[in-house]
Amino acid sequence: MSPLTPSIDPRLAGIAPGFRALSIVVEAAPITAPEVASAALTQACQQVINDDVPWAEAHLAAWDEVFKAFGAKPKRTPSSASALRKRVLKDGTLPPLDPVVDIYNAISIRYAIPVGGENLAAYTGAPRLTLADGSEPFDTFKEGQPSVEYPDAGEVIWRDDVGVTCRRWNWRQGVRTRLDSQAQTMWFILESLPAMPLSALEAAGDELVSNLQRLMPGATARVQMLALV
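Residues numbered from 1 in each chain as written. Predicted model: local features only at pLDDT ≥ 70, side-chain atom pairs only at ≥ 80, totals over all residues. Heavy atoms only, no water.

Chemist: Would you take a moment to explain the packing of helix H4 (residues 99–111) against helix H5 (residues 198–215) for this structure?
Modeler: A pair of packed helices is characterised by two quantities: the angle between their axes and the separation of those axes. It is at 10 Å that the axes of H4 and H5 come closest, and there the two elements cross at 155 degrees. For the element pair H4 / H5, the angle class is roughly antiparallel. As for the relative orientation of H4 and H5, their crossing is right-handed in sense. Counted together, Pro99, Val100, Ile103, Tyr104, Ile107, Arg110 and Tyr111 of H4 and Ala200, Ala203, Ala204, Glu207, Leu208, Asn211, Leu212 and Leu215 of H5 form the full contact between these two elements. Of the residues that constitute the contact of H4 with H5, the class distribution is twelve nonpolar, one polar and two charged. (Axes fitted to C-alpha atoms, helices over the stretch in contact; angles between N-to-C directions. Helix = DSSP H or I, 4+ residues; strand = E, 2+ residues; numbered from the N terminus. Parallel < 35°, antiparallel > 145°, perpendicular 65-115°, else oblique. Left-handed = near helix turned anticlockwise from the far one by under 90°. Contact = heavy atoms within 4.5 Å. Nonpolar A, V, L, I, M, F, W, Y, C, P; charged D, E, K, R; others polar.)

Chemist: Could you clarify how one ought to interpret the sheet that holds strand S3 (residues 115–119) in this entry?
Modeler: Backbone-to-backbone hydrogen bonds pair the strands of a sheet. The strands run either parallel or antiparallel. With antiparallel pairing, the four strands of this open sheet are ordered in space as S3-S10-S2-S11. Looking at the sheet topology across the chains shown, the edges are occupied by S3 and strand S11 (220–227). The sheet shows a mean angle of 20 degrees between the axes of neighbouring strands, direction not considered. Examined bridge by bridge, strand S2 (residues 20–27) and strand S10 (residues 185–192) share eight bridges and lie antiparallel to one another. Within S10, the position partnered with Leu22 by the bridge is Leu190. (Pairing = 2+ DSSP bridges.)

Chemist: Any chance you could explain helix H1 (residues 35–50) here in plain terms?
Modeler: Since the α-helix turns once every 3.6 residues, residues separated by three or four places project in the same direction. Between its first and last C-alpha atoms H1 spans 22 Å; for 16 residues at 1.5 Å apiece the expected length is 22 Å, and the two agree. Buried residues along H1 sit against helix H3 (80–91), H4 and H5. (Expected span 1.5 Å × (residues − 1).)

Chemist: Looking at this model, I keep getting lost on the nonpolar core. Mind explaining?
Modeler: Side chains of a nonpolar character, in soluble globular proteins, are inclined to be buried together. Of all hydrophobic cores here, the largest spans 36 residues; its most connected members are Val26, Met186, Phe188, Leu190, Leu208, Leu212 and Met216. Every element with two or more residues in this core is listed here: S2, H1, helix H2 (56–69), H4, S10 and H5. No other element matches the seven residues that H5 contributes to this core. With residues near it in sequence (within four places) discarded, Val26 still touches Gln184, Thr185, Met186, Phe188, Leu212, Met216, Ala219, Thr220 and Ala221. If you look at the next biggest cluster of nonpolar residues, it comprises 26 residues, including Ile8, Val66, Leu129 and Cys166. (Core = buried A, V, L, I, M, F, W, Y, C linked by side-chain atoms within 4.5 Å. Buried < 20%, exposed > 50% of the residue type's maximum accessible area, 1.4 Å probe, protein only.)

Chemist: Any chance you could explain unusual backbone geometry here in plain terms?
Modeler: Comment: phi is negative for the bulk of residues other than glycine, and the bulk of peptide bonds are trans. Although it is not a glycine, Ala112 adopts a positive phi angle of roughly 55 degrees. Note that Ala112 resides in the loop between H4 and S3. Even without being glycine, Trp169 reaches a positive phi, approximately 65 degrees. Inspection of the secondary structure puts Trp169 in the loop between strand S8 (164–167) and strand S9 (172–173). A relative accessible area of 0% means that Trp169 is categorised as buried.

Chemist: Is there a simple way to explain the packing of aromatic side chains in this structure?
Modeler: Each aromatic ring pair is summarised here by two numbers: the centre-to-centre distance and the angle between the ring planes. Counted under the stated rule, the structure contains nine aromatic pairs. Ring centres of Phe19 and Trp63 lie 6.3 Å apart, and the angle between their planes is 80 degrees; this geometry places the pair in the edge-to-face category. Here Phe19, found in the loop between strand S1 (7–8) and S2, pairs with Trp63, found in helix H2; they are 44 residues apart in sequence, far enough to count as distant. Owing to a relative accessible area of 0%, Trp63 belongs among the buried residues under this scheme. When the ring of Trp158 is compared with that of Trp187, the centres are 5.4 Å apart and the planes differ by 75 degrees; the resulting orientation is edge-to-face. Of this pair, Trp158 sits in strand S7 (residues 156–159) while Trp187 sits in strand S10, and the two are 29 residues apart along the sequence. Side by side, Trp158 and Trp187 carry an identical accessibility label, which is buried. Across the ring face of Trp171, the terminal group of Arg168 is positioned such that the distance to the ring centre comes to 4.9 Å. (Phe/Tyr/Trp six-rings, centres within 6.5 Å; stacked < 30°, edge-to-face > 60°. Lys NZ or Arg CZ within 6 Å of the ring centre and 35° of its normal.)

Chemist: Would you mind going over H5 with me for this structure?
Modeler: Over its 18 residues, H5 runs 26 Å from end to end, which matches the ideal 26 Å to within 8%, given 1.5 Å per residue. Where H5 is buried, its residues meet S2, H1, H4, S10 and S11.

Chemist: What should I look at first to understand the pattern of salt bridges in this one?
Modeler: Think of it this way: side chains of opposite charge can pair up when their charged atoms draw near. Throughout the structure, instances matching the rule amount to ten salt bridges. Lys68 is the partner of Glu65 in a salt bridge, and the nearest nitrogen-oxygen pair spans 3.3 Å. Linking Glu65 with Lys68, this pair stays in helix H2, spanning three residues, or about one helical turn. Put simply, Asp160 and Arg176 hold a salt bridge, and the shortest N to O gap is 2.8 Å. (Salt bridge = Lys/Arg side-chain N within 4 Å of Asp/Glu carboxyl O.)

Geometry only, nothing functional implied.
Spelled out as structure tokens, the structure:
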């Protein structure tokens, strides 16, 4: 199991008091049951429409306030969970992308929680959640072409030693560390605020690991709880 110790900048306590997250490292195995992913995604979309979790609205609203606290505009650049769920509520479903991506998107949709999935082998140094100074490169696509952007000074970012891996906390992932089913070492980060019960965060992590191990029998997982002190 690859060692990984993500860090959280203590300055974020003033922006998101009570923030906690699950860090999950998964050593992959061959995919033998792709139907697990499609079933999980379908079930999650149906739940949002028919039987949503009771904390969903409050948790997503809390993320909006966190985004505003560091200068982001959540209506323009919403949290990843809000963006996914808006698509589901509009279209009634979410098209499949990749079995591993579909599984972690399903957790995000089902539990109203931002979930990131990253190819850990593409990292240089450990992930860290911090405030940008504005000089960190972020690789993305603009009008279909590779492009490099830079975060705003004071923006909350996930980064490694090379640059930004996710802008505006959990709004948009970079290309360099993007996860798909070909990755051998996968890192997932499930991010919650106090409006979401701790037991629900733990349940979301358990379900993510369970579905990944059903998708890839033989996969192993290591789970860590992270929190702002």
